[in-house]
Amino acid sequence: MKTTWKLGSLISLLCLSGALLAPAVAQDTAQDTPSTFEVKVQQNTPFRVTADRIAHNQMGLIVLESDGEVVAAVQQHQIVYVVNISETASRRFEIQTYDNSTYQIPGDSLVPEQSGMIRVDGPNGTMGYISNSQLRYVVAVEARQ
């Protein structure tokens, strides 16, 4: 049995497929809006990077991506923290480094990982990382007395 498609049927099928896929595409791109990440590396002054995604690479790198391209890669043992400061989070965390410098970052929760990193989660998932190699402590501001 041979199936014959008419041009009108193909166009209708493509339009239907596009209508079904469009909401998923729009939802994905909504999550990839550029954010400002603050990066603190050892004794250096913190700097900011515009990116839409953060990831912890298996090679020990914290990677920031924009439009699917890597725009920054930081060695995890050199960082103090990398965090999305554009996210609205429910808490603030105070970080003190080995040299007694103190910083505050936003976040909803902290999740220690086996890699030696502390993942900072926010309302939309991972919003940053803190390295324990440069850290004296990290504490929720409202918990500190």
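Keep in mind that what you see is a predicted model, and the values were worked out from it rather than measured.

Colleague: Hey, could you run me through the overall build of the chain in this one?
Modeller: The helix and strand tally for the chain stands at one helix and 12 strands. Ordering the α and β elements of the chain from the N terminus gives α-β-β-β-β-β-β-β-β-β-β-β-β. The long-range share in the chain, meaning contacts at least 24 apart out of those at least 6 apart in sequence, stands at 42%. Carbon and sulfur atoms form 52% of the exposed surface of the chain, whose accessible area is close to 9,000 Å².

Colleague: I'm lost on the nonpolar core in this one. Help?
Modeller: The tendency in soluble globular proteins is for nonpolar side chains to be buried as a group. Grouped together as the largest cluster of nonpolar side chains are 14 residues, with contacts concentrated most on F37, V39, I54, I62, L64, I79 and V82. Looking at this core, the elements with two or more residues in it are β1 (35–41), β2 (47–51), β4 (61–66), β5 (69–75) and β6 (79–84). Ranked by residue count, the leading element in this core is β1, at three residues. For V39, the residues in contact, after removing those within four places along its chain, are P46, F47, V49, L64, V74, Y81 and V82. Membership of the second largest hydrophobic core comes to 13 residues, among which are V80, Y81, Y103 and A140.

Colleague: Where do I start with the environment of G122 in this structure?
Modeller: As for its placement among the helices and strands, G122 is situated in strand β10 (residues 117–122). Judged by its relative accessible area of 13%, G122 falls in the buried class. Considered as a pair, G122 and E87 are 35 residues apart in the sequence and their alpha carbons are 7.3 Å apart. Excluding its chain neighbours within four sequence positions, the residues that come into contact with G122 are D108 and M127.

Colleague: What is the right way to look at the sheet that holds β4 in this model?
Modeller: Consider a sheet: its strands pair through backbone hydrogen bonds, and that pairing is either parallel or antiparallel. With antiparallel pairing, three strands are arranged side by side in an open sheet as β3-β4-β5. Only two strands of the sheet have a single partner each, and these edge strands are β3 (53–57) and β5. Ignoring strand direction, the axes of neighbouring strands in this sheet form an average angle of 25°.

Colleague: I tried to follow the pairing of β3 on my own but got confused; where do I start?
Modeller: Remark: a regular strand shows side chains that alternate across the two faces of the sheet. Direction of pairing for β3 relative to β4: antiparallel, over a ladder of five bridges. Bridge pairing in β4 places R53 opposite E65.

Colleague: What is the right way to look at the sheet that holds strand β9 (residues 109–112) in this model?
Modeller: Read across the sheet, six strands follow the order β2-β1-β6-β11-β10-β9 without closing on themselves; strand pairing throughout is antiparallel. Here the strands that pair on one side only, and so sit at the sheet edges, are β2 and β9. Averaged over all adjacent pairs, the angle separating strand axes in this sheet is 25°, with direction ignored. Where β1 lies against β6, five bridges are found, and the strand directions are antiparallel. Note on β6: the bridge partner recorded for E38 is V83.

Colleague: What is the right way to read the environment of P106 from this model?
Modeller: Within the element layout of this structure, P106 appears in strand β8 (residues 102–107). Linking P106 and E94, residues 12 residues apart in sequence, is a C-alpha distance of 9.1 Å. In this view, P106 contacts V83, N84, I85, E87, A89, R91, R92, V120 and M127; residues no more than four positions away in its chain are not counted.

Colleague: Where do I start with the pattern of salt bridges in this structure?
Modeller: Charged atoms that come close allow side chains of opposite charge to pair. Applying the stated criterion to the full structure yields six salt bridges. One salt bridge connects E113 with R119, and the closest N-O pair in it is separated by 2.9 Å. Within this structure, E113, R119 and D121 form a network of salt bridges that share partners.

What counts, and where the lines are drawn
Residues numbered from 1 in each chain as written. Predicted model: local features only at pLDDT ≥ 70, side-chain atom pairs only at ≥ 80, totals over all residues. Heavy atoms only, no water. Helix = DSSP H or I, 4+ residues; strand = E, 2+ residues; numbered from the N terminus. Contact = heavy atoms within 4.5 Å. Areas by Shrake-Rupley, 256 points an atom, 1.4 Å probe, with all protein chains shown as cover. Core = buried A, V, L, I, M, F, W, Y, C linked by side-chain atoms within 4.5 Å. Buried < 20%, exposed > 50% of the residue type's maximum accessible area, 1.4 Å probe, protein only. Pairing = 2+ DSSP bridges. Axes fitted to C-alpha atoms, helices over the stretch in contact; angles between N-to-C directions. Salt bridge = Lys/Arg side-chain N within 4 Å of Asp/Glu carboxyl O.

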